[in-house]
Amino acid sequence: MKISTYTVKPKLPKSLIPLEEIARNLWLSWNFDAVQLFIRLDYDVWLQSQQNPVRALGMVSQERLAHMAKDDSYQAALTEVYERFLKYKKGETWYRGPRRDVVAYFSMEYGMDVSLPIYSGGLGILSGDHMKTSSDMGLPLVGIGLLYRQGYFKQVLNADGFQQESYPENDWYNMPVERKTDRNGEPLKISVDLAGKLAVAQIWEVKVGRSSLYLLDTNIEENEQDIRNVTAALYGGDKETRIRQEILLGIGGIRALRVMGINPAATHMNEGHAAFLGLERVRELMEERGFAFNEAREAVWPTNIFTTHTPVPAGNERFEISLIEKYFHAWTDILGITWNEFLGLGRINTADEGETFCMTVLAIKMAAYANGVAKLHGLVSREMWKDLWPGLPLDEVPIGHVTNGVHSRTWVSNNMIELLDRYFGPRFEDEPTSLEVWDRMDRISDEELWRTHERRRERLVAFARERIRQHFTRTGAVERRIQQAEDALSPYALTLAFARRFATYKRGNLLLRDPERLLRLVRDSDHPVQLIFAGKAHPMDIPGKDLIRDIIHFAEKYDVTSRIIFIENYDMTVARYLTSGADVWLNTPRRPMEASGTSGMKAAMNGVLNCSILDGWWDEAYTPDVGWAIGQGEQYTDTNLQDDIESKALYDLLERDIIPLFYQRGRDGLPREWIRRMKASMREIGQSMSSHRMLMDYANQFYFPALKNYRRIVKDEFLESKALAQYFAKLAKGWDDLKITRQESNAKPVMQRGDSLTVTACIELGTLTPDELLVELYHGAVSNQSDHIENARRSEMKVVGQEGTCYHYQVRIECADTGFQGHTVRILPKHEALVHPYRSGFIKWS
């Protein structure tokens, strides 16, 4: 069957034309007054469109459009919003530098709005907030991702409470995406090789305020069906589908930017999925400038940034060598390296032929900058990947951290935003990096803050009741059961929320461990407590699905379905209701398996108090004024014992502290001490866990240095990169000949604080010269086992003489600390072009 295709767009009256521009820019997603324009246009249509403004415009009748075009009140609102939108796009921003060269941000998923369902959970939500914040700050950053025909699955629970999945098709022509075209109006396309098959992808653009996100789509006629399915579903299919998606994201993403005339001067890999981009950037330089592999790699390395989100080894993407060989064996000729050298790029131990190919390892080896997503996660990541730098002390492993943050105007409820705008002033919106405005929380009266929060709890209860009613209707429940949904929950009871991915390590069933204590809490008529759960289990995670079913069975078994409920199909809409309407946000992962987490941050900015294991972001944010800690950061090898101890600790907190504090009311009915904590939480978390703080960290620590590196490298026609490649080639040849033959000092068995200590080392340099090496004295407190130095200091040693082939290095230090102290000498690479001196295999100790 031959089908002729064309696109039909809504026919808007002239005065309503700005609606289409607003609908197609996700600025709308963090500006509720813009959303209200579509709600006012036709509320029923808004609901039927599933809160999709582009689709809603196409569904509203022409009669209704004509009517609203003559409504002076609506026109005034539209004019006001549109003028604010234009002012935002043209306004001054935090970043005011050059924009010719950009940072390209690569992520497998983006969660920016329910109208664009191409996300599954935390990683995507973070990427969405990253893009929005970049827009606010005016950063020279573009996003790259894939356009999934089905996105992630929609969760439905059967009558027994077991999760099932459905995969609705996305209609891109009625969503806030637009296909990129050339001057002739033809779609812009790129191609990548997938094991001998040519995969062609078209490019779509999502406008995010001032910024743009570009998405690749293989569902086009040029491709065979299996290639069209590469972008069929997020995290769908088998390992072969996954490697194809990651080739398209990393290699195809770079090519897409090139075809659009965008120069990715620096790249940021958000997780290892996009790590193949490093190979593509190397290939480009080799092809364009005739570089050798190592020369091109040294040019790319200082401009690559990698963020890891995974706190356990099993969570990192690995491919069998047979699959890598199928898709990349030809790249050995392209890159001019051996097959073993290629495989070594993705292996910790390059000599281990049994090791699989790890995308995280590839990303780390191709990037000068690497970070975890919380302070604790940075430590966990250094421990996990320390073997990439054998001999390097753990605290020097070059993986830092930038703690995640959230975009406040996306996640703080519209009711609360109105209140904050009123008391924080215009800087809260116009200067989002001026985080000190959160110090104005105390200007808000207790009464206003509490009434605003109570309205959000009432809306959460109404929303939850409707979702329960829909679930019972869909599963064919009897009418009596459907009517019971109207009595579920109370708008006045202490409301605890647990909403996140249902994986076993997150322990969504921890509160179910002592049924008697839990039932006593939820059945207490004087101080009622209610629990709302939400979250999806991975389609293949049966234990995760069982956790969901256990919660539902528990509520039914003990007849507490009005106090313990599960809201199905957790998405951004559900998240907004929960993070703004609950009173307490529960988080119970096994430490240290939560890399960061961000849902608790969203809750905190809405005045919801956190009660969490000290893991992820909460490990660094917790103080007694802003919430509660379950335990004191202990880690266990016996998980059953851990569950017993931490469930009891959680019950104790609820019974002795949280519930009494919530119901401690004065004559005016206000829980003053609870409100004080709400204000403290909003003030502290609003600043420390803002995505604007996060992006300022990324910009100052990584983006600006990487862009500076790029401009310096390009300015001298890549001579620096060539010199660096030559330097490491020379270093590799001469490294084994380096010898620290003697180490001497004037140390006495007992020294006094303030005494001077002179250390001299004799080093055989072989073919290397002093200016090519960094020789350091590594000194500090010696551990109880005398096997390492703790909290070490590093002092560079200088050449003071030469005796034959032996160079004498010396340094003088002061005995600053008391106790059992020690020192040793080490050698590292030294070159002015190095971002840091830590390269695998290049460290030598005395």
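Residues numbered from 1 in each chain as written. Predicted model: local features only at pLDDT ≥ 70, side-chain atom pairs only at ≥ 80, totals over all residues. Heavy atoms only, no water.

1. Points about the overall build of the protein
Phase 1 of the analysis: Scanning the protein from terminus to terminus reveals 30 helices and 28 strands.
Phase 2 of the analysis: A compact globule built from 846 residues should have a C-alpha radius of gyration of about 28 Å, and the protein, at 29 Å, falls within 12% of that.
Phase 3 of the analysis: Referenced to the eigenvectors of the C-alpha coordinate spread, the extents of the protein come out at roughly 95 × 70 × 50 Å.
Phase 4 of the analysis: Burial statistics for the protein: of 846 residues in total, 59% are counted as buried.
Phase 5 of the analysis: Across the protein, the fraction of contacts at a sequence separation of at least 24, relative to all contacts at a separation of at least 6, is 72%.
Phase 6 of the analysis: A total accessible area of about 35,200 Å² is found for the protein, and carbon and sulfur atoms account for 48% of it.
Phase 7 of the analysis: Positive and negative charge centroids in the protein, built from 105 and 116 side chains respectively, lie 3 Å apart. (Helix = DSSP H or I, 4+ residues; strand = E, 2+ residues; numbered from the N terminus. Rg over C-alpha atoms; globule rule 2.2 N^0.38 Å. Buried < 20%, exposed > 50% of the residue type's maximum accessible area, 1.4 Å probe, protein only. Contact = heavy atoms within 4.5 Å. Areas by Shrake-Rupley, 256 points an atom, 1.4 Å probe, with all protein chains shown as cover. Lys, Arg positive; Asp, Glu negative; His and termini not counted. Charge placed at Lys NZ, Arg CZ, Asp CG, Glu CD.)

2. Section: empty space enclosed by the protein
Phase 1 of the analysis: The full count for this structure, using the stated rule, is six cavities of 30 Å³ or more.
Phase 2 of the analysis: Empty space within the largest cavity amounts to approximately 80 Å³.
Phase 3 of the analysis: If you trace the largest cavity, you find it lined by Ser 408, Arg 409, Arg 427, Phe 428, Glu 431, Pro 432, Ser 434, Leu 435, Val 437, Trp 438, Ser 690 and His 692.
Phase 4 of the analysis: Secondary structure elements with two or more residues in the lining of the largest cavity: α17 (408-411) and α19 (427-430).
Phase 5 of the analysis: Of the residues contributing to the lining of the largest cavity, the split by class is five nonpolar, four polar and three charged. (1 Å grid on protein atoms, 1.4 Å probe; cavity = no way out; pocket = protein on both sides within 12 Å on 5 of 7 lines; lining within 4 Å. Points joined across faces, edges and corners; volume = space filled by probe spheres on them. Nonpolar A, V, L, I, M, F, W, Y, C, P; charged D, E, K, R; others polar.)

3. Topic: the sheet that holds strand β27 (residues 821-829)
Phase 1 of the analysis: If you trace the four strands from one edge of the open sheet to the other, you get β24-β23-β27-β28, paired in antiparallel fashion. Edge positions in the open sheet fall to β24 (789-796) and β28 (844-845), since each of these has one partner strand only.
Phase 2 of the analysis: Pairing between strand β23 (residues 773-782) and β27: nine bridges, direction antiparallel. Bridge pairing in β27 links Leu 774 to Leu 828. (Pairing = 2+ DSSP bridges.)

4. Side note on the sheet that holds strand β21 (residues 739-745)
Phase 1 of the analysis: In space, the four strands of this open sheet follow the order β21-β22-β26-β25, with antiparallel pairing throughout. In the strand order of this sheet, the two ends are held by β21 and β25 (798-803), each with one partner. For this sheet, the mean inter-axis angle between neighbouring strands, taken without regard to orientation, is 25 degrees.
Phase 2 of the analysis: In the sheet, β25 pairs with strand β26 (residues 806-814) via five bridges, with the strands oriented antiparallel. Considered in β26, the bridge of Val 799 is made with Tyr 809. (Axes fitted to C-alpha atoms, helices over the stretch in contact; angles between N-to-C directions.)

5. Let's talk about the state of the cysteines
Phase 1 of the analysis: Evaluation of the coordinates by the stated rule reveals one disulfide.
Phase 2 of the analysis: Disulfide pairing places Cys 762 opposite Cys 806 at an S-S distance of 1.4 Å. Within this pair, whereas Cys 762 is found in strand β22 (residues 756-764), its partner Cys 806 is found in strand β26, the two being separated by 44 residues in sequence. Residues Cys 762 and Cys 806 agree in their burial class; the two are buried. (Disulfide = S-S within 2.5 Å.)

6. Thoughts on the pairing of strand β19 (residues 609-613)
Phase 1 of the analysis: Within β19, five of the five residues are buried, which leaves the element mostly enclosed by the surrounding structure.
Phase 2 of the analysis: Tracing the backbone out of strand β18 (residues 584-587), into helix α25 (residues 599-605) and back to the parallel element β19 gives a crossover that is right-handed.
Phase 3 of the analysis: Note that β19 and strand β20 (residues 627-630) share four bridges and pair parallel. Across the sheet, the residue bridging to Ser 612 is Ala 629, located in β20. (Right-handed = clockwise from strand over helix to strand, strands pointing away.)

7. Here's the deal with the side chain of Glu 298
Phase 1 of the analysis: Within the element layout of this structure, Glu 298 appears in helix α11 (residues 293-300).
Phase 2 of the analysis: Within the structure, Glu 298 has its side chain in polar contact with the side chain of Arg 839 (distance 2.8 Å).
Phase 3 of the analysis: With residues up to four places along the chain from it excluded, the contact list for Glu 298 reads Ser 721, Leu 724, Ala 725, Phe 728 and Arg 839. (Polar contact = N/O pair within 3.5 Å; in protein donor to acceptor, adjacent residues only side chain to side chain.)

8. Observations concerning the nonpolar core
Phase 1 of the analysis: Core analysis: the largest hydrophobic core is formed by 182 residues, its most contacted members being Phe 276, Phe 328, Phe 342 and Tyr 703.
Phase 2 of the analysis: With eleven residues, helix α29 (residues 691-715) is the largest single contributor of residues to this core.
Phase 3 of the analysis: With residues near it in sequence (within four places) discarded, Phe 342 still touches Leu 279, Ile 324, Phe 328, Trp 331, Thr 332, Leu 335, Ile 337 and Phe 357.
Phase 4 of the analysis: Grouped together as the second largest cluster of nonpolar side chains are 101 residues, Ile 482, Val 574, Ala 603 and Met 678 included. (Core = buried A, V, L, I, M, F, W, Y, C linked by side-chain atoms within 4.5 Å.)

9. Some words on unusual backbone geometry
Phase 1 of the analysis: Put simply, Arg 591 and Pro 592 share a cis peptide bond, and its omega is 5 degrees.
Phase 2 of the analysis: Among the secondary structure elements, Pro 592 is positioned in the loop between β18 and α25.
Phase 3 of the analysis: Within the chain, Tyr 235 stands out as a residue other than glycine whose phi angle is a positive 55 degrees.
Phase 4 of the analysis: Located in the positive-phi region is Glu 717, a residue other than glycine, with phi close to 60 degrees.

10. Some details on the packing of helix α2 (residues 32-41) against helix α6 (residues 72-90)
Phase 1 of the analysis: Interaxial distance between α2 and α6 falls to 10 Å at its minimum, and their mutual angle equals 150 degrees. The pairing of α2 with α6 is recorded here as roughly antiparallel in orientation. In the crossing of α2 with α6, the sense of the turn from one axis to the other is left-handed. Taken together, the residues of α6 that come into contact with α2 (itself represented by Asp 33, Ala 34, Leu 37, Arg 40 and Leu 41) are Ser 73, Tyr 74, Ala 77, Leu 78, Val 81 and Arg 84. (Parallel < 35°, antiparallel > 145°, perpendicular 65-115°, else oblique. Left-handed = near helix turned anticlockwise from the far one by under 90°.)

11. Notes on the packing of aromatic side chains
Ring pairs (aromatic) are described by centroid distance and by the angle formed between their planes.
Phase 1 of the analysis: Inspection of every chain in the model, using the stated rule, returns 39 aromatic pairs.
Phase 2 of the analysis: Ring plane angle 55 degrees and centroid distance 5.6 Å describe the contact between Trp 618 and Tyr 622, whose orientation is recorded as tilted.
Phase 3 of the analysis: Under the relative-accessibility criterion, Tyr 622 is labelled partly exposed at 27%.
Phase 4 of the analysis: The lysine or arginine in question, Arg 210, covers the ring of Tyr 88, its NZ or CZ lying 4.0 Å from the ring centre.
Phase 5 of the analysis: The positively charged end of Arg 500 is found above the aromatic ring belonging to Phe 498, 5.0 Å away from the centroid. (Phe/Tyr/Trp six-rings, centres within 6.5 Å; stacked < 30°, edge-to-face > 60°. Lys NZ or Arg CZ within 6 Å of the ring centre and 35° of its normal.)

12. Looking at the environment of Gln 155
Phase 1 of the analysis: Tracing the sequence through the fold places Gln 155 in strand β3 (residues 154-157).
Phase 2 of the analysis: Residue classification places Gln 155 among the buried residues on the basis of a relative accessible area of 1%.
Phase 3 of the analysis: In this structure, the C-alpha to C-alpha distance between Gln 155 and Thr 637, residues 482 residues apart in sequence, is 33 Å.
Phase 4 of the analysis: Ignoring anything within four residues of it in the chain, the contact list for Gln 155 reads Gln 163, Gln 164, Gly 535, Lys 536, Ala 537, Ile 548, Phe 566, Ile 567, Glu 568, Asn 569 and Tyr 570.
Phase 5 of the analysis: Reaching out from Gln 155, the side chain makes a polar contact with the backbone oxygen of Gly 535 at a distance of 2.9 Å.

13. Some points on the packing of helix α20 (residues 446-474) against helix α28 (residues 672-688)
Phase 1 of the analysis: Contact geometry of α20 with α28 gives a least axis separation of 10 Å together with a crossing angle of 85 degrees. Taken together, α20 and α28 sit at an angle that is classed as roughly perpendicular. Residues Asp 446, Glu 447, Leu 449, Trp 450 and His 453 of α20 pack against Arg 672, Trp 674, Ile 675, Met 678, Lys 679 and Met 682 of α28.
Phase 2 of the analysis: Among the residues forming the contact of α20 with α28, the class breakdown is six nonpolar, one polar and four charged.

14. Focus on the pairing of β25
Phase 1 of the analysis: The element β25 is barely covered by neighbouring structure, given that only zero of its six residues are classed as buried.
Phase 2 of the analysis: Taking the residues between adjacent antiparallel strands as the criterion, β25 and β26 are bridged by two residues, where Gly 804 takes a positive phi near 65 degrees.

15. Regarding the pattern of salt bridges
Phase 1 of the analysis: Tallying each qualifying case throughout the model produces 69 salt bridges.
Phase 2 of the analysis: One salt bridge connects Arg 517 with Glu 655, and the closest N-O pair in it is separated by 2.6 Å. Of the two residues, Arg 517 is situated in helix α22 (residues 515-522) and Glu 655 in helix α27 (residues 639-662); the sequence distance between them amounts to 138 residues.
Phase 3 of the analysis: A single salt-bridge network, built from bridges that share partners, covers Arg 507, Arg 513, Arg 590, Asp 643, Asp 644 and Glu 646. (Salt bridge = Lys/Arg side-chain N within 4 Å of Asp/Glu carboxyl O.)

16. Side note on the environment of Val 361
Phase 1 of the analysis: Relative to the elements of secondary structure, Val 361 occurs in helix α15 (residues 359-366).
Phase 2 of the analysis: In the structure, Val 361 is positioned 287 residues away from Lys 648 in sequence and 40 Å away in space, judged by C-alpha atoms.

17. Structural notes on helix α5 (residues 62-69)
Phase 1 of the analysis: Listed in full, the buried residues belonging to α5 are Leu 65, Met 68 and Ala 69. Taken end-on, α5 shows its buried residues confined to a sector of 105 degrees, consistent with a single buried face.
Phase 2 of the analysis: The inward-facing, buried residues of α5 abut α2 and α6. (Arc of directions from axis to C-beta.)

Everything listed is a geometric property; what it means functionally is a separate question.
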